[in-house]
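Per-entry structural report
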Amino acid sequence: MSSNESASRHTGAIRFKRLQLGVVALGILVILAFAGSSAYDAWRAYHHTQVATEREIGNVAQAFAEQTAWTWQAVDLLLRDTARWYGNDSRKIAPERLNDVLATRTAGVRQVRLITIVDAQGMQRHRSRGSSPPNLDVSDRSYFIAQRDGTATGLFMSEPLVSRSENRPGVILSRRLDDDQGKFAGVITAIVDLDDLKQFYGAVNLGMGSAIHLLRQDGTLLLRNPQAPAAVGQKFPALTVPPNAPQARVVSPIDGKRDFIAVARVRDTPLVLAVTREEAVALRPWRDEAARLAARTLIITLLGLLTIAALLHQLRRVQSSERALRESEERYALAMEGANEGHWDWDILTDRLFLSPKMKMLTGLSEDSVITTCTAWLSEIVIHPDDVPRRDAALREHFEGRTPRYECEYRVRHHDGTWCWLLARGRYQRDTAGRPYRFVGSAIEITAHKQAQMDKEHLEAQLRQSQKMEAIGTLAGGIAHDFNNILGAILGYGELAHQHSAQGTALRRYLDNVMHAAERAKALVDRILGFSRSGLGERVQMNVQAVIEETLELLTASLPAGVSLEKRLEAGDAAVIGDPTHLHQVAMNLCTNALHAMKDGGVLSVVLERVELSERRPLSRGTLSAGPYVRLIVSDTGTGIPFPVLERMFDPFFTTKGVGEGTGLGLSLVHGIVTELGGAIDVSTRAGQGSRFEIWLPVAGETGIPFAAPVHELPRGSGEAVMIVDDERPLVALAEEMLAELGYEPVGFDSSSAALEAFRAEPQRFDLVLTDEAMPDLIGTELASEIRRLRPTVPIILMSGHGGPQLAKRAAAIGVNEVLHKPLQRRDLAESLARVLAGFH
């Protein structure tokens with residue numbers, strides 16, 4: 001495309017765009033001006049209606065409050081004058097005439113039905129009409145209590161009540177009577193008829209939807225016009241407090257309607273007068289006027305929009321006829337180039353952008369989304385922060401002419417939150433001056449390719465990790481085997497020395513310490529062998545919940561102060577194939593690590609439950625297939641695990657504890673055992689909030705809780721001849737001594753070849769063969785195989801300090817009766833020999 005054609009195209013586009021914007025802007029301004037005028041008229045009418053209503057009911061409320069004040073002022077004046085007369089002049093009049101004098105004083109005030117005088121004990125002594133009922137006690141009335149206790153200052157008004165003497169509704173106004181010393185001498189009361197007040201307010205008609213309320217300051221309703229008998233005597237505090245301006249409205253607690261309200265205090269009384277008018281009634285004229293304005297505005301607006309739409313439609317037809325052929329040719333070429341890929345076309349000078357539907361989908365937008373400018377497109381899409389610098393650098397280098405084309409891989413987030421990898425390629429088109437004026441290109445999704453690449457890298461990392469763990473495990477197992485031979489002599493001779501030492505002596509104390517240290521060394525070797533996965537653990541169907549419960553019972557007794565244990569075990573009789581001791585080690589190691597993370601106290605939570613997976617699930621350590629699982633969750637509220645530690649915590653001998661506090665084998669042992677059981681591990685942690693370990697193990701049926709077997713005395717032999725074969729002479733001597741004490745006749749050999757020659761010479765001499773596996777000449781399984789050829793029925797027991805499932809299978813194939821795990825102790829040896837020999841008797 002030449003520079004003249006480009007300039008002509010851009011000039012025409014700008015001209016049409018300006019014309020369209022001018023038509024739209026002018027039409028919108030006219031519509032907005034008319035709509036604004038109508039809205040202002042409606043607002044002014046609304047404001048006028050609101051102000052007029054508030055002013056009207058406010059004036060009414062003030063007028064009635066003032067009139068009511070005069071009425072109650074006359075009653076209060078009567079009470080004051082009567083109280084003064086009673087205190088000063090009543091003694092000059094005979095008691096039987098006091099009621100007549102009170103009646104004379106009351107006659108001038110029509111609202112007062114009755115005046116009474118009550119003494120300090122609450123007994124009514126005098127009244128203006130009739131005679132007081134004998135022993136009429138009003139000491140429980142609120143007005144008497146208020147005046148007696150001094151909580152009322154001056155005039156006190158009671159709640160609406162029915163007089164006991166005449167059984168008529170009324171309101172009692174009272175004042176306190178004091179004697180010459182200023183002490184409480186009684187109460188003078190005036191009963192005002194509510195019926196008279198109802199007639200007074202009932203004569204006023206404020207129009208439909210209006211009401212007058214007379215209330216006490218605490219909101220107790222005395223009367224209402226129009227009448228509401230069910231509401232009289234109830235409290236409505238909302239009607240005593242005027243609402244904040246400018247609304248002056250409240251939802252009536254009596255009828256539930258929204259009302260305009262005006263509240264006026266009745267002067268010198270504890271009364272409030274409220275006048276209300278329903279909002280719907282007050283605003284009805286305004287609503288009618290607003291509806292007329294809205295209809296007129298809507299009609300004018302629709303006509304204006306139709307006019308604008310017609311003009312725009314005509315302008316688009318003119319513009320489309322100019323560019324239809326050119327754009328169709330360009331988009332056809334781009335579509336052919338992009339094929340099934342998304343593509344774009346950006347006019348740099350006008351910022352006009354074309355996106356194919358596929359391109360919109362690739363960048364996280366819907367196919368029907370309207371994007372016309374590059375600015376709008378960039379504001380809609382979200383590029384991964386890690387990829388933004390690389391993408392910007394690729395664009396800048398191509399824009400500046402340093403690269404022949406634009407090519408970049410980056411991630412875009414879709415609406416469901418997933419990140420999609422894109423490979424974008426494009427090229428700038430430049431005019432004769434070398435300035436870019438157009439940018440076209442295409443993009444293709446490469447998420448699957450990237451995921452395959454990452455999966456490959458992850459599998460390679462897992463393979464390297466597995467090889468490293470296997471190498472370390474082999475090394476650890478070899479060290480444990482050699483150490484087992486040394487430890488066997490220490491434990492065996494220590495046990496013999498301990499048996500022959502006297503209790504309470506220094507020697508017994510020294511031997512106790514030696515045995516304790518040897519047991520710790522034996523536990524360490526067991527952990528190393530467990531890590532190397534070459535231990536001789538039995539694989540049986542075990543009840544998982546029983547093992548976890550036993551572990552938690554042991555753990556509860558040693559919980560540090562400030563740490564609480566929360567457990568929820570709901571696995572039932574779910575069974576797993578494996579060694580119960582190994583599962584015990586898994587639970588104990590996880591709980592111990594959790595306790596170490598809560599040095600300042602916290603909560604240790606242990607959950608055991610059954611979970612059914614319907615699909616494959618990847619975890620942080622392993623992947624689970626679909627099926628039934630039992631899940632052990634151990635969580636704490638400790639310090640959490642830092643990211644560097646999280647990456648290496650399952651490595652053997654890696655520990656964050658101080659010297660002497662940890663071996664670094666705990667989690668590596670957990671990982672090895674869980675892997676051997678066919679399970680997986682998931683770990684989550686938050687700094688300062690704690691960690692959560694999930695152990696998933698496949699369920700292998702159901703089994704009940706096992707019963708503990710009672711401990712019996714060591715079984716003894718009956719002089720049976722036992723061949724002992726081990727290349728470590730101290731271990732041979734130790735075994736001979738232990739077997740001799742157990743009642744056997746031991747014959748030891750420190751060479752497997754010599755032992756085989758001795759057996760060939762006298763095959764019937766020996767009742768049982770006890771041989772080590774790892775020996776320089778013939779290994780134990782080879783020796784057992786040769787002996788089986790010479791005498792197929794002789795019992796054979798194999799010893800090993802570094803064995804595993806493969807050794808157990810090989811020994812069983814040869815015909816070995818049992819495999820013992822070094823270092824041996826007297827009970828292990830005695831029970832094994834007794835079991836094997838019992839099977840041949």
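Because the structure is predicted, anything quoted here is derived from the model rather than measured.

A few words on the overall build of the chain. Per the secondary structure count, the chain includes 20 helices and 30 strands. Per-residue burial over the chain gives 45% buried out of 841 residues. Split by element, the accessible area of the chain, about 44100 Å² in all, is 55% carbon and sulfur.

Turning our attention to the packing of aromatic side chains. Within this structure, the stated rule accounts for ten aromatic pairs. Here Y406 and F439 contribute two aromatic rings whose centre-to-centre distance is 5.9 Å and whose plane-to-plane angle is 70°, an arrangement assigned as edge-to-face. Here F439 lies in strand β16 (residues 436-445) and Y406 lies in strand β14 (residues 406-413), a separation of 33 residues in the sequence. The pair Y406 / F439 is uniform in exposure class, with both members buried. Summarising the aromatic geometry, the rings of F759 and F766 are spaced 6.0 Å apart at their centres and angled 15° between planes, so their arrangement reads as stacked. Overall, F766 belongs to the buried group, its relative accessible area being 0%. The structure contains a cluster of three or more aromatic residues connected by ring pairs, namely W344, F399, Y406, Y428 and F439.

You can see T703 is positioned in the loop between β25 (690-698) and β26 (721-725). Once you skip the residues sitting within four places of it in the chain, T703 turns out to touch Q541, M542, N543, D573 and A575.

This part takes up the sheet that holds strand β7 (residues 210-216). Taking strand neighbours across the sheet as the criterion, the five strands line up as β8-β7-β11-β10-β9 in an open arrangement whose pairing is antiparallel. For this open sheet the edge positions go to β8 (221-225) and β9 (249-251), each flanked by a neighbour on one side alone. The average undirected angle you get between the axes of adjacent strands in this sheet is 30°. When β9 meets strand β10 (residues 258-266), the two strands line up antiparallel, connected through three bridges. Bridge pairing in β10 places R249 opposite F260.

Our next topic: the confidence of the model for the chain. A residue-level look at the chain finds 83% of positions with pLDDT of 70 or above and a mean pLDDT of 80. Of the regions scoring below 50 in pLDDT, residues 658-664 engages in ten contacts with residues more than four places distant in sequence or in other chains.

Moving on, we come to the sheet that holds β16. Through backbone hydrogen bonds, the strands of a sheet pair up, either in parallel or in antiparallel fashion. Read across the open sheet, the five strands follow the order β13-β12-β16-β15-β14; overall the sheet is antiparallel. Edge positions in the open sheet fall to β13 (352-355) and β14, since each of these has one partner strand only. Pairs of neighbouring strands in the sheet enclose a mean axial angle of 20°, with direction left out of account. Bridge count for β14 against strand β15 (residues 419-430) is eight bridges, and the pairing is antiparallel. Bridged to R411 within β15 is W421.

Before going further, it helps to spend a moment on the packing of helix α17 (residues 752-761) against helix α18 (residues 780-790). At their nearest, the axes of α17 and α18 sit 11 Å apart, and the two run at 5° to each other. What the angle tells us is that α17 and α18 run roughly parallel. Here S752, L756, F759 and R760 of α17 lie close against α18, whose contacting residues are L783, E786, I787 and L790. Taken together, the residues that form the contact of α17 with α18 break down as five nonpolar, one polar and two charged.

Here β25 lies mainly inside the structure; seven of its nine residues are buried. With seven bridges joining them, strand β23 (residues 627-635) and β25 adopt antiparallel strand pairing. Each bridged residue has a counterpart across the sheet, and for Y629 the counterpart in β25 is P698. Examined bridge by bridge, strand β24 (residues 680-686) and β25 share seven bridges and lie antiparallel to one another. Within β25, the residue paired with S684 across the bridge is R692. Between the antiparallel neighbours β24 and β25 lie three residues, among them G688 with a positive phi of about 80°.

This next bit is on the nonpolar core. Most often, soluble globular proteins keep nonpolar side chains buried together rather than apart. Within the largest apolar cluster, 44 residues are counted, with the highest numbers of intra-cluster contacts made by L173, L214 and L273. In terms of residue count, helix α1 (residues 3-88) provides more of this core than any other element does, twelve residues in total. A574, L604, L667 and I681 belong to the second largest nonpolar core, which has 38 residues in total.

What follows concerns the packing of α18 against helix α19 (residues 805-814). The geometry of α18 relative to α19 is characterised by a closest axis approach of 9 Å and an angle of 10° between their N-to-C directions. If you check the angle between α18 and α19, you find them roughly parallel. Contact residues: α18 offers T781, A784, S785 and R788, while α19 offers L807, R810 and I814. Split into classes, the residues belonging to the contact of α18 with α19 amount to three nonpolar, two polar and two charged.

For the coordinates displayed, the defined rule picks out 36 salt bridges. A salt bridge links R148 to D149; its shortest N-O distance comes to 3.1 Å. The partner of D431 in a salt bridge is R435, with the nearest N and O atoms 3.5 Å apart. Note on D431: relative accessible area 22%, which makes it partly exposed. Owing to a relative accessible area of 53%, R435 belongs among the exposed residues under this scheme. Sharing partners across several salt bridges, the network here consists of R568, E570, E609, R631, R692 and E694.

In this structure, the amide linkage connecting N225 to the following residue, P226, adopts the cis form with an omega of 5°. Notably, D351 is not glycine yet its phi reads approximately 65°, a positive angle. Residue placement: D351 occurs in the loop between β12 (342-347) and β13. Classification of D351 by relative accessible area gives buried; the value is 19%.

Bringing the pairing of β13 into the picture now. The side chains of a regular strand alternate, residue by residue, between the two faces of the sheet. Burial along β13 is one-sided: the face carrying L353 and L355 is buried and the face carrying R352 and F354 is not. Sheet topology note: the β12/β13 ladder contains four bridges and is antiparallel. Bridge pairing in β13 places D345 opposite F354. What sits between β12 and β13 in their antiparallel hairpin is a turn of four residues, with D351 showing a positive phi close to 65°.

Glancing now at the environment of P730. Mapped onto the elements of the fold, P730 is located in helix α16 (residues 729-741). In this structure P730 comes out as partly exposed when scored by relative accessible area, which is 42%.

Further remarks concern the environment of H398. Tracing the backbone shows H398 in helix α9 (residues 388-399). When its relative accessible area of 3% is taken as the criterion, H398 is described as buried. Here the alpha-carbon distance between H398 and G426, two residues 28 residues apart in the chain, equals 9.3 Å. Every residue in contact with H398, bar those within four places of it in the chain, is listed here: T403, P404, R405, Y406, G426, R427, Y428, R430 and F439. Within the structure, H398 has its side chain in polar contact with the backbone oxygen of T403 (distance 2.9 Å).

Here A185 lies in strand β6 (residues 184-193). With 63 residues separating them in the primary sequence, A185 and G122 have C-alpha atoms 9.9 Å apart. Not counting residues up to four positions away in its chain, the partners in contact with A185 are V118, D119, A120, L177, D178 and D179.

Reading guide: rules and limits
Residues numbered from 1 in each chain as written. Predicted model: local features only at pLDDT ≥ 70, side-chain atom pairs only at ≥ 80, totals over all residues. Heavy atoms only, no water. Helix = DSSP H or I, 4+ residues; strand = E, 2+ residues; numbered from the N terminus. Buried < 20%, exposed > 50% of the residue type's maximum accessible area, 1.4 Å probe, protein only. Areas by Shrake-Rupley, 256 points an atom, 1.4 Å probe, with all protein chains shown as cover. Phe/Tyr/Trp six-rings, centres within 6.5 Å; stacked < 30°, edge-to-face > 60°. Contact = heavy atoms within 4.5 Å. Pairing = 2+ DSSP bridges. Axes fitted to C-alpha atoms, helices over the stretch in contact; angles between N-to-C directions. pLDDT = per-residue confidence, 0-100. Parallel < 35°, antiparallel > 145°, perpendicular 65-115°, else oblique. Nonpolar A, V, L, I, M, F, W, Y, C, P; charged D, E, K, R; others polar. Core = buried A, V, L, I, M, F, W, Y, C linked by side-chain atoms within 4.5 Å. Salt bridge = Lys/Arg side-chain N within 4 Å of Asp/Glu carboxyl O. Polar contact = N/O pair within 3.5 Å; in protein donor to acceptor, adjacent residues only side chain to side chain.

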